[in-house]
Amino acid sequence: MNSAFLGLGGMGHGMAANLKQAGLLTAVYNRTASRAEDFAAEHGVEAVAAPAEAAAHAEAIVLCVSADDDVLEMVDALTGALTDRHVVIDCSTVAGDTAKEAARRVAQTGAAFVDAPVSGGTEGAANGTLAIMVGADDAVFERVMPVLEAMGAGITLMGPIGSGQATKAVNQIMVAGINQAVCEAMRFAAAMDLPLEKVVDVVGSGAAGNWFVDHRGKTMVRDVFEPGFKLKHHHKDLGICLHMAGLKNGELPLSARTRQDYDQLMAAGHGDEDISALYRARADLFGK
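A quick note: this is a predicted structure, and the numbers were derived from the prediction, not measured. Counting of residues starts from 1 at the beginning of each chain's written sequence and follows it residue by residue. For this predicted model, a pLDDT threshold of at least 70 governs which residues receive local features, and a threshold of 80 or more governs which side-chain atom pairs are given and counted, while totals over whole chains, interfaces and linings are taken from all residues. Heavy atoms from the whole structure form the basis of all side-chain values; hydrogens and water molecules are not counted.

> What exactly am I supposed to notice about the overall build of the protein chain here?
Strands here are runs of E lasting at least two residues and helices are runs of H or I lasting at least four, both read from the DSSP assignment and numbered beginning at the N terminus. The number of helices and strands found in the protein chain is 13 helices and nine strands. Whereas a compact globule of 288 residues would reach a radius of gyration of roughly 19 Å, the protein chain reaches 20 Å, a difference of no more than 12%. With respect to the principal axes defined by its C-alpha atoms, the protein chain has extents near 65 × 45 × 35 Å. For the protein chain, the proportion of its 288 residues judged to be buried stands at 49%. The long-range share in the protein chain, meaning contacts at least 24 apart out of those at least 6 apart in sequence, stands at 67%. Note that His is not counted, nor are the chain ends; the positive residues are Lys and Arg, and the negative ones are Asp and Glu. To locate a charge, take atom NZ for lysine, CZ for arginine, CG for aspartate or CD for glutamate. Positive and negative charge centroids in the protein chain, built from 23 and 36 side chains respectively, lie 4 Å apart. The globule rule is 2.2 Å times the number of residues to the power 0.38, and the radius of gyration it is compared with is taken over C-alpha atoms. For every residue, the accessible area obtained with a 1.4 Å probe (protein chains only) is divided by the maximum for its type, and the residue is called buried under 20%, exposed over 50%, and partly exposed between those limits. Residue contacts are defined here by distance: any two heavy atoms, one from each residue, within 4.5 Å place the two residues in contact.

> Help me understand the packing of helix H8 (residues 163-191) against helix H9 (residues 196-204) in this model?
Angle between the axes and distance between the axes: these two values describe a pair of packed helices. Geometry is summarised by axes, namely lines fitted to C-alpha atoms with helices restricted to the contacting stretch, and by angles between N-to-C directions that run from 0 to 180 degrees. Contact geometry of H8 with H9 gives a least axis separation of 10 Å together with a crossing angle of 130 degrees. As summarised for this structure, H8 and H9 are arranged oblique, according to the angle between their axes. In the crossing of H8 with H9, the sense of the turn from one axis to the other is right-handed. Residues Met186, Ala189 and Ala190 of H8 form the contact with H9, whose participating residues are Leu196, Val199 and Val200. When residues are grouped by polarity, Ala, Val, Leu, Ile, Met, Phe, Trp, Tyr, Cys and Pro land in nonpolar, Asp, Glu, Lys and Arg in charged, and all others, Gly among them, in polar. Its residues assigned to classes, the contact of H8 with H9 comprises six nonpolar, no polar and no charged. An angle below 35 degrees is treated as roughly parallel, one above 145 as roughly antiparallel, one from 65 to 115 as roughly perpendicular, and anything else as oblique. In a left-handed crossing the near helix is turned counterclockwise from the far helix by less than a right angle, and in a right-handed crossing that turn is clockwise.

> Explanation requested: the pattern of salt bridges in the structure shown.
A side chain of one charge can pair with a side chain of the opposite charge when the charged atoms of the two come close. Note on definitions: salt bridges are taken to be side-chain nitrogens of Lys or Arg within 4 Å of carboxyl oxygens of Asp or Glu. Using the criterion set out here, one finds 16 salt bridges in the structure. Glutamate 101 serves as the salt-bridge partner of arginine 104, at 2.7 Å between the closest nitrogen and oxygen. One end of the pair, arginine 104, and the other, glutamate 101, are both in helix H5 (residues 96-107), three residues apart, so they sit about a helical turn from each other. When its relative accessible area of 43% is taken as the criterion, arginine 104 is described as partly exposed. With its nearest N and O atoms 3.2 Å apart, the salt bridge here joins aspartate 274 to arginine 216. Residue aspartate 274 is located in the loop between helix H12 (253-267) and helix H13 (278-281), and its partner arginine 216 is located in helix H10 (residues 211-220); the two are separated by 58 residues in the primary sequence. The exposure class of aspartate 274 is buried, given its relative accessible area of 1%. Taking relative accessible area as the criterion, arginine 216 reaches 7% and is therefore assigned buried. It is possible to trace a salt-bridge network through shared partners that takes in Asp76, Glu101, Arg104 and Arg105.

> Even after reading the chapter, I still don't get the nonpolar core, so can you show me in this structure?
Across soluble globular proteins, nonpolar side chains show a tendency to be buried alongside one another. Residues enter a nonpolar core if they are buried and are Ala, Val, Leu, Ile, Met, Phe, Trp, Tyr or Cys, with the set joined through side-chain atoms within 4.5 Å. With 36 residues, the main nonpolar core has Phe5, Ile89, Leu148 and Met151 as its most contacted residues. In terms of residue count, helix H7 (residues 138-151) provides more of this core than any other element does, eight residues in total. Those residues in contact with phenylalanine 5 that sit more than four places away from it in its chain are Gly12, Met15, Ala16, Leu19, Leu25, Ala27, Val28, Tyr29, Val62, Cys64 and Met151.

> What is the right way to look at helix H1 (residues 10-21) in this model?
Each α-helix winds once per 3.6 residues, and so residues spaced three or four apart point in a common direction. To estimate how far a helix should extend, the number of its residues minus one is multiplied by 1.5 Å. With twelve residues, H1 ought to run about 16 Å at 1.5 Å a step, and its terminal C-alpha atoms sit 18 Å apart, in line with that. Within the sequence span of H1, burial applies to Gly12, Gly14, Met15, Ala16, Asn18 and Leu19.

> Would you take a moment to explain unusual backbone geometry for this structure?
A negative phi holds for most residues other than glycine; trans holds for most peptide bonds. Cis rather than trans, the peptide bond between proline 227 and glycine 228 has omega equal to 5 degrees. For glycine 228, the location among the structural elements is in the loop between H10 and helix H11 (231-247). Phi angles above zero are rare outside glycine, and aspartate 223 is one such case at about 60 degrees. Within the chain, asparagine 249 stands out as a residue other than glycine whose phi angle is a positive 55 degrees. Looking at the secondary structure, you find asparagine 249 in the loop between H11 and H12.

Any functional reading would require information beyond the geometric quantities listed.
Pasting the structure below:
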């Protein structure tokens, strides 16, 4: 299944490269044209000047953009070129109702739609080890599996359109809690004058072990916050989670608190850092 990739940001670049490595990628598009041109020159694919041009080069069109409005804008830009041979695979993180609206617009062209948000950070994108949470019709899911397998290691059909995004929201809520717990715990460890890197190794091998402490614990205690997963993007995602909870008359107190912490960090210029920069905000827990 020939594929085109639209959106060559921190995640998209690695994902597109893995599609090329699998022999599936034929074209790329990025709003900043030079990024697409550089990728095309490096990987031997076509850089198209507009999203609709990608449809002439590929059967599967993969999106990985920043926000709900961006997804709908891309879909609208594609619709005039889509036919029943095309599948649009959206790997962005957006609200479930946005995924359903995008699917509705795509369906009017006869094409199929898959919501397939991913988790695993830029490392997972580069290494092809992303977890991919999919909302799609069973037959469409089977059809696009070769494309998904080129980008991820754990691919799960969660249900119909919107289910992938709902599952990603669960993931982002958990990430907020884990981030809060690890940052607080490591500030406590520092206050106890413990050897911090040894603490990370010890707790990482026990019941408190998790991906975040393993991959971010040692960098955060050295005040190194290279993304990873940009704080401003998790801020956006938690807004999606709160929106989706509100549609069910629900609340997410931990997500709301984390988003407030991110507001302060973004105001201080840390939005492009990894979410482990929350460690900065926990410096005031001790020594008051």
